[in-house]
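Close look at the chain arrangement
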Amino acid sequence: MSDYAQFEKRLAVLTTKHRKMARGYTAKIGEDGLIMVEPKRVRSPIRPRTIVLMGAGVFLFKALLLTSTGLATYENRIAALSSGTVFEQAAAWVMQPDVVSRYLAETFTKMIP
């Protein structure tokens, strides 16, 4: 391997390390007294809790729509959506009344005087 190839390889390693360190780093002292600097681990902005809360929000939204419009009107609107564009068909698939949203809608209906 030529000197230039070795230099390019070392430069690539240092560039990668520098990019990782730019996002944050931690310094630890090893058992031998040497200070070790490591990049912080990058965490995904989407956490499992966020996904669960978004799913619960969809169920609650569907239940509120079912409560306010009634099952027959709701199903007619879903049928109209399913004959539209690809985006509307996907929305119709997501918004189909399911067991959870029907149960929540019944509970909401009982709570409203």
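Along each chain, residue indices are assigned from 1 in the same order as the chain's sequence is written. In keeping with the predicted nature of the model, local features appear solely for residues at pLDDT of at least 70, side-chain atom pairs appear and are counted solely at 80 or more, and the whole-chain, interface and lining totals rest on all residues. Calculated side-chain values reflect all of the structure's heavy atoms, with hydrogen atoms and water omitted.

Another aspect to go through is the pairing of strand β1 (residues 25-29). The buried label goes to any residue with under 20% of its type's maximum accessible area, the exposed label to any with over 50%, and the partly exposed label to all in between, with areas taken from a 1.4 Å probe on protein chains only. Every helix listed is a DSSP run of H or I at least four residues long, and every strand listed is a run of E at least two residues long, numbered separately from the N terminus. Summarising burial for β1: 0 of the 5 residues are buried, a small minority. Pairing between two strands is assigned when DSSP locates at least 2 bridges connecting them. Here β1 pairs with strand β2 (residues 35-39) via 5 bridges, running antiparallel. When the sheet's bridge partners are listed, A27 is paired in β2 with V37. Taken together, β1 and the strand that follows it, β2, pair antiparallel across an intervening segment of 5 residues, in which G33 is found at a positive phi of about 90°.

We now examine the nonpolar core. Residues grouped as a nonpolar core are buried Ala, Val, Leu, Ile, Met, Phe, Trp, Tyr and Cys residues, joined through side-chain atoms within 4.5 Å. If you look at the biggest cluster of nonpolar residues, it comprises 9 residues: A63, L66, Y74, I78, A92, M95, L104, A105 and F108. Residue assignment for this core shows that the elements contributing at least two residues are α2 (48-69), α3 (71-82) and α5 (99-111). Ranked by the residues each element gives to this core, the list is headed by α5, at 3 residues.

This brings us to the pattern of salt bridges. Salt bridge, as applied in this entry: a Lys or Arg side-chain nitrogen positioned within 4 Å of an Asp or Glu carboxyl oxygen. In total, this model carries 2 salt bridges according to the counting rule given. The salt bridge partner of K62 is D98, with a shortest N-O separation of 2.3 Å. Of the two residues, K62 is situated in helix α2 and D98 in the loop between α4 (86-94) and α5; the sequence distance between them amounts to 36 residues. The exposure class assigned to K62 is buried, which follows from its relative accessible area of 3%. A relative accessible area of 21% places D98 in the partly exposed class.

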